[in-house]
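If you want the building blocks of each chain, they are given just below.
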Amino acid sequence: ISRQPMWMKTEALADGVVGAAYLTQVELWSGTAPYVFEATGLPSGLSINSVTGVISGTAAQEGIHAVTVKATDAAGQYIQREFFLTVGQWLDRNGWSANFSRFLGEEPWFVSTNAASILDGDSSTVFTSTRPQTTNDVFQIICDGDIWIKKIVFTVGATGEYPEAFKIQCLQEEKWWDLSAEINCGDTTEILFSQPVRTTGIILQLQDDADRFWSIAEINIWGCEAT
């Protein structure tokens with residue numbers, strides 16, 4: 001049997017939701033068919049088809065799962081890759097706190113206002129900044145324990161009142177760290193992380209001034225509790 005170099009095309013496994021049907025395909029670039037697929041570390045309820053490389057089932061175990069997928073071809077070559085598979089949900093924010101800190105530019109540097117309405121599950125309750133967007137104004141959210149985050153979504157209270165530019169920070173071991181993420185700003189803003197981030201708090205900090213206000217009706221986080 002002639003040998004062709006093997007490459008695994010799949011770079012990440014799709015996220016899963018507890019109790020929902022799951023389906024994703026592990027793909028190869030090359031090698032010599034047919035292939036045999038194996039996987040270790042899959043959460044309860046999921047399995048891989050040894051012939052097609054399709055992972056399917058209904059995930060029953062929330063969390064961050066380290067999964068190793070191995071593919072062996074007809075020539076006896078094999079390739080394997082490790083993935084993180086997140087099984088999560090929209091997190092319950094009960095017990096969390098939120099504040100909006102307005103930057104003053106002089107001592108005291110900030111004045112903070114309770115912004116609990118952005119966590120109350122009611123999109124009709126809106127928190128609005130008391131002035132147009134100003135560099136270094138921040139929303140700070142503190143969770144009631146460690147969580148893993150894959151996505152943050154927030155909606156504005158009025159059309160156009162989304163942030164001009166901002167950065168994300170997370171709280172780990174009592175220190176705030178800058179995070180890189182893909183951000184699509186608009187009346188609904190999505191912040192996507194390529195890998196799950198473990199944290200006990202989040203900061204959204206403005207990086208530029210703008211003429212418009214910044215309002216948030218609701219902020220939601222997709223991920224899972226850390227165990």
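Here, the structure is the one placed above.
Overview of the structure. (Residues numbered from 1 in each chain as written. Predicted model: local features only at pLDDT ≥ 70, side-chain atom pairs only at ≥ 80, totals over all residues. Heavy atoms only, no water.)

**Digging into the packing of aromatic side chains**
Using the criterion set out here, one finds nine aromatic pairs in the structure. In textbook terms, an aromatic cluster arises when at least three aromatic residues are bridged by ring pairs, as seen for Phe-100, Phe-127, Phe-139, Phe-154, Phe-166 and Trp-214. Over the ring of Trp-29 we find Lys-9, and its NZ or CZ is 4.9 Å from the ring centre. Here the basic side chain of Arg-212 rests over the ring of Tyr-162, its NZ or CZ set 4.5 Å away from the ring centre. (Phe/Tyr/Trp six-rings, centres within 6.5 Å; stacked < 30°, edge-to-face > 60°. Lys NZ or Arg CZ within 6 Å of the ring centre and 35° of its normal.)

**Let's talk about the sheet that holds strand β2 (residues 21–25)**
Note on sheets: strands pair through backbone hydrogen bonds, and any given pair is parallel or antiparallel. In space, the three strands of this open sheet follow the order β2-β5-β4, with antiparallel pairing throughout. Of all the strands in the sheet, the pair left with one neighbour each is β2 and β4 (46–48). Within the sheet, the average angular offset between the axes of one strand and its neighbour, ignoring direction, is 15 degrees. Taken together, the three bridges between β4 and strand β5 (residues 54–58) define a ladder with antiparallel strand orientation. What sits directly across from Leu-46, in β5, is Gly-57. (Pairing = 2+ DSSP bridges. Helix = DSSP H or I, 4+ residues; strand = E, 2+ residues; numbered from the N terminus. Axes fitted to C-alpha atoms, helices over the stretch in contact; angles between N-to-C directions.)

**Digging into the pattern of salt bridges**
For the structure on display, the rule yields six salt bridges. Salt-bridge contacts for Glu-218 lead to Arg-93; the nearest nitrogen and oxygen are separated by 2.9 Å. Here Arg-93 lies in the loop between β7 (78–90) and β8 (97–103) and Glu-218 lies in strand β17 (residues 218–225), a separation of 125 residues in the sequence. There is no split in this pair, since Glu-218 and Arg-93 are both buried. As a salt-bridge pair, Asp-146 and Arg-198 come within 3.2 Å of each other at their nearest N and O atoms. Of the two residues, Asp-146 sits in strand β11 (residues 138–155) while Arg-198 sits in strand β15 (residues 188–206), which places them 52 residues apart along the sequence. (Salt bridge = Lys/Arg side-chain N within 4 Å of Asp/Glu carboxyl O. Buried < 20%, exposed > 50% of the residue type's maximum accessible area, 1.4 Å probe, protein only.)

**Structural notes on the environment of Gly-157**
Mapped onto the fold, Gly-157 is located in the loop between β11 and β12 (166–172). Its relative accessible area of 38% is what places Gly-157 among the partly exposed residues. Taking the C-alpha atoms as reference points, Gly-157 and Ser-123, separated by 34 residues in sequence, lie 7.8 Å from one another. With residues near it in sequence (within four places) discarded, Gly-157 still touches Val-126, Ser-215, Ile-216 and Ala-217. (Contact = heavy atoms within 4.5 Å.)

**Thoughts on unusual backbone geometry**
Cis peptide bonds are those with omega within 30 degrees of zero, and the linkage from Ala-33 to Pro-34 qualifies with 0 degrees. Secondary-structure assignment places Pro-34 in the loop between β2 and β3 (36–40). The amide bond that connects Glu-107 to the next residue, Pro-108, takes the cis arrangement and shows omega of -10 degrees. Among the secondary structure elements, Pro-108 is positioned in the loop between β8 and β9 (110–114). Its identity as a non-glycine residue notwithstanding, Asn-136 has a phi of 85 degrees, on the positive side. For Asn-136, the position within the fold is in the loop between β10 (127–128) and β11. Relative accessible area serves as the criterion here: at 26%, Asn-136 is assigned to the partly exposed category.

Treat this as a map of the structure, not an account of what it does.
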